[in-house]
Amino acid sequence: MTVTQLAPYPATRLRRLRQSDWTRRMVRETSLAPADLIWSMVVHDGEGRIPVASMPGVERLSVAEVARAAVEARDLGIPCIAIFPFIDGALKDVDGSTAADPNGLVCRAVRAMKAAAPEVGIMCDVALDPFTSHGHDGVLDDGRIVNDATVARLVDQALVQARAGCDILAPSDMMDGRVAAIRAALEAEGLQDVMIMSYAAKYASAFYGPYRDAIGSGKLGSGDTLNPGDKKTYQMDPANTDEALREVALDIAEGADMVMVKPGLPYLDIARRLVDAFAMPTFAFQVSGEYAMIMAAGANGWIDEERAMMESLGAFKRAGCTGIITYFAPRAARLLKG
Ligand code: PBG
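A quick note: this is a predicted structure, and the numbers were derived from the prediction, not measured.

Reading the values: rules and limits
Residues numbered from 1 in each chain as written. Predicted model: local features only at pLDDT ≥ 70, side-chain atom pairs only at ≥ 80, totals over all residues. Heavy atoms only, no water. Helix = DSSP H or I, 4+ residues; strand = E, 2+ residues; numbered from the N terminus. Buried < 20%, exposed > 50% of the residue type's maximum accessible area, 1.4 Å probe, protein only. Contact = heavy atoms within 4.5 Å. Areas by Shrake-Rupley, 256 points an atom, 1.4 Å probe, with all protein chains shown as cover. Lys, Arg positive; Asp, Glu negative; His and termini not counted. Charge placed at Lys NZ, Arg CZ, Asp CG, Glu CD. Axes fitted to C-alpha atoms, helices over the stretch in contact; angles between N-to-C directions. Parallel < 35°, antiparallel > 145°, perpendicular 65-115°, else oblique. Left-handed = near helix turned anticlockwise from the far one by under 90°. Nonpolar A, V, L, I, M, F, W, Y, C, P; charged D, E, K, R; others polar. Salt bridge = Lys/Arg side-chain N within 4 Å of Asp/Glu carboxyl O. Core = buried A, V, L, I, M, F, W, Y, C linked by side-chain atoms within 4.5 Å. Near = heavy atom within 4 Å. Polar contact = N/O pair within 3.5 Å; in protein donor to acceptor, adjacent residues only side chain to side chain. Phe/Tyr/Trp six-rings, centres within 6.5 Å; stacked < 30°, edge-to-face > 60°. Lys NZ or Arg CZ within 6 Å of the ring centre and 35° of its normal.

1. Some words on the overall build of the protein
Along its length, the protein carries 11 helices and 12 strands. Taken along its principal axes, the extent of the C-alpha atoms in the protein is 80 × 45 × 40 Å. Within the protein, the fraction of its 338 residues that count as buried is 51%. Nonlocal contacts in the protein, meaning residues at least 24 apart in sequence, comprise 76% of its contacts between residues at least 6 apart. For the protein, the accessible area works out to roughly 15600 Å², and carbon and sulfur atoms hold 54% of it. Of the charged side chains in the protein, 35 are positive and 44 negative, and the gap between their average positions amounts to 9 Å.

Below, the structure written as structure tokens:
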């Protein structure tokens, strides 16, 4: 058979639209912009910047440095920063009681950031784990994480964060009923404009490993039988998908303004389902382990780190997410700005 055979040529050649950069740009279905990014950032109570070994390129920043970072976010067009505290071991106890200190590290960081760049949104994690000696997100009783006593503490924590100027409260604890309790307390205190982005579908994941290193959270279950070695009694089972719809439906009913899926890339199917089912502002958290994997493979020359970063961020937009909470935010925003 010769190649001169003429028919039938395909009338449809999908490659036609891929032939040059301008055609690809013209027909592109989704795009990424600095406004899609929430910059996740670790703050510490010392001086300067301290590198996080398991997250190359991420540093713990002092209060003065996070204020400078807020200005940088503004200049890069990043709308919001999510802060996570590295708490000194001496300030931790079994109940995480310093979580609701109005002069604690988180509140001081929020005030400094708001003073430096008031036009940048600040989001705070509502959870006890940076403040508990055992690293769990709740109060322990006889080896169990007690739901309602934990919620009462989360409400206190959320209120001090809101009074310090936090714009978005992000409960990441996965206790039942916490969004309703926080929303009711905000209303009662005249803080009705404070937003809630609930970590609605948050899974008990191995991908949070480097974060525990970053915030200095102890190894779960270490040497104590009354301290569970994982968070499976409160965070979701990675095998579940319908349950995510129930979690999100509850959080919306309880007063959440936005919802989140966490981790990100391994749970893109969940993000897509939530967007389709609820049409709510839906964010994905590209967590520490996802960041570390891209950086580690990049450092070894196994993947093109920058392209993998942009491709992974773009995947969230393609899946329908409103935006992405990511440690890559400043680097990606710099690239996007050109
Ligand atoms: C704490 C919290 C975690 C993360 C954000 N908030 C860890 C956990 O639930 O164990 C993970 C962030 C990351 O891995 O980047 N409630």
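The discussion continues.
2. Some details on the packing of helix H9 (residues 288-299) against helix H10 (residues 305-318)
Running from amino to carboxyl end, H9 crosses H10 at an angle of 155 degrees, the nearest separation of the two axes being 9 Å. Viewed along their axes, H9 and H10 adopt a mutual orientation that is roughly antiparallel. Crossing geometry of H9 relative to H10 is assigned as right-handed. Contacts between H9 and H10 pair Glu290, Ile294, Met295, Gly298 and Ala299 from the former with Glu305, Ala308, Met309, Ser312 and Phe316 from the latter. Grouping the constituent residues of the contact of H9 with H10 by class yields six nonpolar, two polar and two charged.

3. Overview of the side chain of Glu247
Examined against the element boundaries, Glu247 turns out to sit in helix H7 (residues 242-254). Nearest to the buried, unbridged Glu247 among oppositely charged side chains is Arg178, at 5.2 Å. Look past the residues within four positions of Glu247 in its chain and what remains in contact with it is Met174, Ala200 and Met236.

4. Some thoughts on the nonpolar core
In this structure, Met41, Ile81, Ile83, Met123, Leu186, Met197 and Ile325 are the most contacted members of the largest nonpolar core, which totals 107 residues. If sequence neighbours within four positions are ignored, Met197 has contacts with Ile38, Met123, Ile168, Leu169, Ala170, Pro171, Met258, Val259, Met260, Phe283 and Ile325.

5. A closer look at the site of the ligand
Not every one of the 17 residues close to the ligand is listed here, only the nearest: Asp137, Lys202, Arg212, Lys262 and Tyr327. Note that a nitrogen atom of the ligand is positioned 2.7 Å from one of the side-chain N or O atoms of Ser172. Gln235 has a polar side-chain atom sitting 2.9 Å from an oxygen atom of the ligand. Within the complex, the protein chains bury 100% of what would otherwise be the 400 Å² of accessible surface of the ligand.

6. Side note on the environment of Met195
Among the structural elements, Met195 can be located in strand E9 (residues 195-202). Through-space distance from the C-alpha of Met195 to that of Met175 is 18 Å; in sequence the pair is 20 residues apart. Once residues within four sequence positions are removed from consideration, Met195 is found in contact with Asp167, Ile168, Leu169, Arg183, Asp257 and Met258.

7. Considering the pattern of salt bridges
Tallying each qualifying case throughout the model produces 19 salt bridges. A salt bridge links Arg108 to Asp45; the shortest N-O distance between them is 2.9 Å. Residue Arg108 is located in helix H3 (residues 105-116), and its partner Asp45 is located in the loop between strand E1 (37-43) and strand E2 (49-51); the two are separated by 63 residues in the primary sequence. In this structure, Asp137 and Lys231 form a salt bridge, with 2.6 Å as the shortest nitrogen-oxygen distance. A residue pair is termed long-range when its members are at least 10 positions apart, and Asp137 in the loop between strand E5 (121-126) and strand E6 (139-141) and Lys231 in the loop between helix H6 (209-215) and H7 qualify at 94 residues. According to the relative accessible area criterion, Asp137 is buried, its value standing at 1%.

8. Things to note about the packing of aromatic side chains
This structure, assessed with the given rule, holds seven aromatic pairs. Judged by centre distance (4.5 Å) and plane angle (45 degrees), the ring pair of Tyr291 and Phe328 falls under tilted. In this pair, Tyr291 is assigned in helix H9 and Phe328 in the loop between strand E12 (323-326) and helix H11 (329-337), connecting sequence segments 37 residues apart. In this structure, Tyr291 and Phe328 share a single accessibility class: buried. The ring of Tyr208 has Lys262 lying over it, and the distance from NZ or CZ to the ring centre is 4.4 Å.

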